[in-house]
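Close look at the chain arrangement
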Amino acid sequence: MSADRKLYEGKAKILYATDDPEVLVAHFKDDATAFNAAKRGTIVRKGEINCAISTHLFRLLEACGVPTHWLDTPESDRMKVKAVEIVPLEVVVRNVAAGSLCRQTGIALGTEIDPPLVEFFYKNDELGDPLLTRDRLRLLNVATSETIDRLRELALTVNRHLSEFFASCDITLVDFKLEFGIASDGRIVLADEISPDTCRLWDRRETDSERRVMDKDRFRQDLGQVEDAYERVLERVLERVETLSNAVT
Ligand code: UDP
């Protein structure tokens, strides 16, 4: 497999073509950005950690019947994925109020959201990824209304499985962002990554509102011990995955 023809370089990953047009390789970088890349830095070992966490979560979701782009993880910071056409939407699911929801609505940080909120943001850096309404989604025509309904349903299914999984790791899945793609057979599949870069994760073993943060908010808000937090998430995921696989065998 030659994986050297760079197709695209994003903020956190580089995509390479392979000999098979149906298969791409995603290289997870240590580069960290926040606030639409206004803040930049490096999180040591982030590429490997996010690749490993995403691998385990994609496999878990596949086992639960959620189609994903994951094919294989041949190297610690590289993932083989199905080539898909990315839907230019960021689908955010929220179980607990944080981030832009608090800033834009005044809802207090930490307020439980039940039923979970599903929000669609336009994936467009120049526009600053704006929140879209249903009517704006229709106006922009970025996806059919059937696709939007399916994205919502898939996002809620992912939320159910991931919330349960993270709870079993003593972690609250506060909110997260998903991206989807359309595969060559027309199926909608979960794409991108699921990691502490794209999820808010709060440690249930900590009560302090800063110490409990195990995700990119440590980088965004200069809370320190960013690497430590990412490592701890991976450790808990690995522990839990091992327990689950021992239970099966
Ligand atoms: N998120 C992401 N990429 C983005 C924007 C948000 O992965 O470009 C994730 C973020 O980490 C959080 C969730 O989506 O888990 C909701 O983010 P929010 O809308 O609260 O925005 P933020 O406060 O991060 O600006």
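Located above this text is the structure these notes cover.
Residues numbered from 1 in each chain as written. Predicted model: local features only at pLDDT ≥ 70, side-chain atom pairs only at ≥ 80, totals over all residues. Heavy atoms only, no water.

1. Observations regarding the sheet that holds strand β1 (residues 5–9)
With antiparallel pairing, the five strands of this open sheet are ordered in space as β1-β2-β3-β7-β6. For this open sheet the edge positions go to β1 and β6 (70–75), each flanked by a neighbour on one side alone. Neighbour-to-neighbour, the strand axes of the sheet open up by a mean angle of 30 degrees, direction not taken into account. (Pairing = 2+ DSSP bridges. Helix = DSSP H or I, 4+ residues; strand = E, 2+ residues; numbered from the N terminus. Axes fitted to C-alpha atoms, helices over the stretch in contact; angles between N-to-C directions.)

2. Thoughts on the site of the ligand
Near the ligand, the surroundings consist of 17 residues, among which Arg94, Ser100, Asp175, Arg200 and Arg220 are the closest. One nitrogen or oxygen atom from the side chain of arginine 103 is found 3.1 Å from an oxygen atom belonging to the ligand. Protein chains shield 81% of the accessible area of the ligand, which is 510 Å² for the free molecule. At the level of elements, β9 (89–96), α2 (99–105), β12 (171–182) and β14 (199–203) are the ones that each hand at least two residues to the shell around the ligand. Tallied by class, residues from the shell around the ligand come to five nonpolar, three polar and nine charged. (Near = heavy atom within 4 Å. Polar contact = N/O pair within 3.5 Å; in protein donor to acceptor, adjacent residues only side chain to side chain. Areas by Shrake-Rupley, 256 points an atom, 1.4 Å probe, with all protein chains shown as cover. Nonpolar A, V, L, I, M, F, W, Y, C, P; charged D, E, K, R; others polar.)

3. Looking at the pairing of strand β7 (residues 78–82)
Direction of pairing for strand β3 (residues 23–28) relative to β7: antiparallel, over a ladder of five bridges. Residue pairing across strands places histidine 27 opposite arginine 78, the latter belonging to β7. With three bridges joining them, β6 and β7 adopt antiparallel strand pairing. Across the sheet, aspartate 72 pairs through a bridge with lysine 80, a residue of β7.

4. Examining the pattern of salt bridges
As enumerated under the stated definition, the model contains 28 salt bridges in all. A salt bridge links glutamate 179 to lysine 123, with the shortest nitrogen-to-oxygen separation between them at 3.3 Å. One end of the pair, glutamate 179, is in strand β12; the other, lysine 123, is in the loop between β10 (112–122) and β11 (131–132), and 56 residues separate them in sequence. The class of glutamate 179 is buried, set by a relative accessible area of 5%. (Salt bridge = Lys/Arg side-chain N within 4 Å of Asp/Glu carboxyl O. Buried < 20%, exposed > 50% of the residue type's maximum accessible area, 1.4 Å probe, protein only.)

5. Topic: the packing of helix α1 (residues 46–63) against helix α6 (residues 226–248)
Interhelical geometry of α1 versus α6 gives an angle of 30 degrees and a closest axis separation of 10 Å. Between α1 and α6, the interaxial angle falls into the category roughly parallel. α6 is crossed by α1, and the crossing has left-handed handedness. Of the residues in α6, those in contact with Lys46, Ile49, Asn50, Ala52, Ile53, His56 and Leu60 of α1 are Tyr230, Glu231, Val233, Leu234, Val237, Leu238, Val241 and Leu244. Of the residues in the contact of α1 with α6, the class split is 11 nonpolar, two polar and two charged. (Parallel < 35°, antiparallel > 145°, perpendicular 65-115°, else oblique. Left-handed = near helix turned anticlockwise from the far one by under 90°. Contact = heavy atoms within 4.5 Å.)

6. Some points on the environment of leucine 61
On the secondary structure map, leucine 61 appears in helix α1. On the basis of relative accessible area, leucine 61 is assigned to the buried category, the value being 0%. Through-space distance from the C-alpha of leucine 61 to that of threonine 18 is 25 Å; in sequence the pair is 43 residues apart. Those residues in contact with leucine 61 that lie beyond four places of it in its chain are Val66, Thr68, Val158, His161, Leu162, Leu190 and Ile194.

7. Describing the side chain of lysine 46
Within the secondary structure layout, lysine 46 lies in helix α1. By relative accessible area, which is 1% here, lysine 46 ends up buried. At 2.6 Å, the side chain of lysine 46 and the side chain of aspartate 197 are in polar contact. In contact with lysine 46, not counting residues within four places along its chain, are Ala12, Lys29, Asp30, Asp31, Ala32, Asp197 and Tyr230.

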